[in-house]
Amino acid sequence: EAQLVESGGGLVQPGGSLRLSCAASGFTFSSYAMSWVRQAPGKGLEWVSGINGAGGVRKYADSVKGRFTISRDNAKNTLYLQMNSLKPEDTGAYFCNAELTTLQGPLYKYFLYWGQGTQVTVSS
């Protein structure tokens, strides 16, 4: 059974840093593109950052570009998000997800797994 478990959230002052982790199990981690998605209180989901399976392609939302760094360790089946210069508007629940589209015979199959989330609160 595929599982994603986030950790590393907490309360931090503005300007501080946090490092989120997402431990994966039950699927071939290195084959999946991974993303971080967040949800601020009372708002919808916001895509934050993504990385391809090999780790060579990384994308960021404009709101976090230059402050956040996504990375992965395929030997440890773990995804990371280093968050620096945190702002109050970064507050929210942070989720990781794993995504794969694969051709099996005549059909494309789509796989998407989500973690349960970890809370980040940026406040003085």
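Preceding block: the structure.
First, a word on scope: everything that follows refers to the structure included in this document. (Residues numbered from 1 in each chain as written. Predicted model: local features only at pLDDT ≥ 70, side-chain atom pairs only at ≥ 80, totals over all residues. Heavy atoms only, no water.)

Regarding the sheet that holds strand E7 (residues 68–73)
Strand pairing in a sheet relies on backbone hydrogen bonds, with the paired strands running either antiparallel or parallel. Stated precisely, the cut-off is as follows: At least two DSSP bridges between two strands are required for those strands to pair. Only DSSP runs of H or I reaching four residues or more are called helices, and only runs of E reaching two or more are called strands; each is numbered from the N terminus. All axes here are fitted lines through C-alpha atoms, helices being fitted over the stretch that makes contact, and every angle between N-to-C directions spans 0 to 180 degrees.
Read from one edge to the other, the open sheet built from four strands follows the order E1-E3-E8-E7, with strand pairing classed as antiparallel. If you trace the sheet from one side to the other, it starts and ends with strand E1 (3–7) and E7, each paired once. When strand polarity is set aside, the average angle formed by the axes of neighbouring strands in this sheet is 15 degrees. Strand direction decides the pairing type here: strand E3 (residues 18–25) and strand E8 (residues 78–83), joined by six bridges, are antiparallel.

Here's the deal with the pairing of strand E9 (residues 92–104)
Of the pairings in the sheet, the one linking strand E4 (residues 33–39) to E9 comprises seven bridges and is antiparallel in character. Paired with methionine 34 across the bridge in E9 is alanine 98. Judged from the three bridges that link them, E9 and strand E11 (residues 118–122) form a sheet pairing that is antiparallel. Bridge pairing in E11 places tyrosine 94 opposite threonine 118. Relative to strand E10 (residues 107–114), E9 runs antiparallel, the two being bridged by eight bridges. The residue of E10 that forms the bridge with glutamine 104 is leucine 107.

Some words on the packing of aromatic side chains
Which entries qualify depends on this criterion: Classification of ring pairs rests on two measures: the distance between centres of Phe, Tyr or Trp rings, Trp counted by its six-membered ring, which must be within 6.5 Å, and the angle between planes, read as stacked under 30 degrees, edge-to-face over 60 and tilted in between. Only protein chains enter the accessibility calculation, which uses a 1.4 Å probe; a residue is then buried when its area is under 20% of its type maximum, exposed when over 50%, and partly exposed in between. Over a ring means this: the NZ of a Lys or the CZ of an Arg is within 6 Å of the ring centre and within 35 degrees of the ring normal.
With the rule as written, the count across this model stands at five aromatic pairs. Here the aromatic rings of phenylalanine 27 and phenylalanine 29 are separated by 6.5 Å at their centres, their planes lie at 50 degrees, and the arrangement is tilted. Summarising the burial analysis for this pair, phenylalanine 27 and phenylalanine 29 share the class buried. Both rings, one in phenylalanine 27 and one in tyrosine 113, keep their centres 5.2 Å apart while their planes meet at 40 degrees; by these two values the pair is tilted. Here tyrosine 113 lies in strand E10 and phenylalanine 27 lies in the loop between E3 and E4, a separation of 86 residues in the sequence. With relative accessibility at 24%, the residue tyrosine 113 sits in the partly exposed group. Cluster of aromatic residues (ring-pair linked, three or more members): Phe27, Phe29, Tyr32 and Tyr113. Across from the ring centre of tyrosine 80, 4.0 Å away, lies the NZ or CZ of arginine 19, which sits over that ring. The residue whose ring lies beneath arginine 72 is phenylalanine 29, and the NZ or CZ to ring-centre distance is 4.3 Å.

Considerations on the pattern of salt bridges
Quick note on the threshold: Within this document, salt bridges are pairs made up of a side-chain nitrogen of Lys or Arg and a carboxyl oxygen of Asp or Glu, the two lying within 4 Å of each other.
For the structure shown, the criterion picks out four salt bridges. With a closest N to O distance of 2.9 Å, arginine 38 and aspartate 90 form a salt bridge. Residue arginine 38 is found in strand E4, and its partner aspartate 90 is found in the loop between E8 and E9; the two are separated by 52 residues along the sequence. Taking the relative accessible area as the measure of exposure, arginine 38 reaches 5% and is therefore buried. Aspartate 90 sits in the buried class, given a relative accessible area of 1%.

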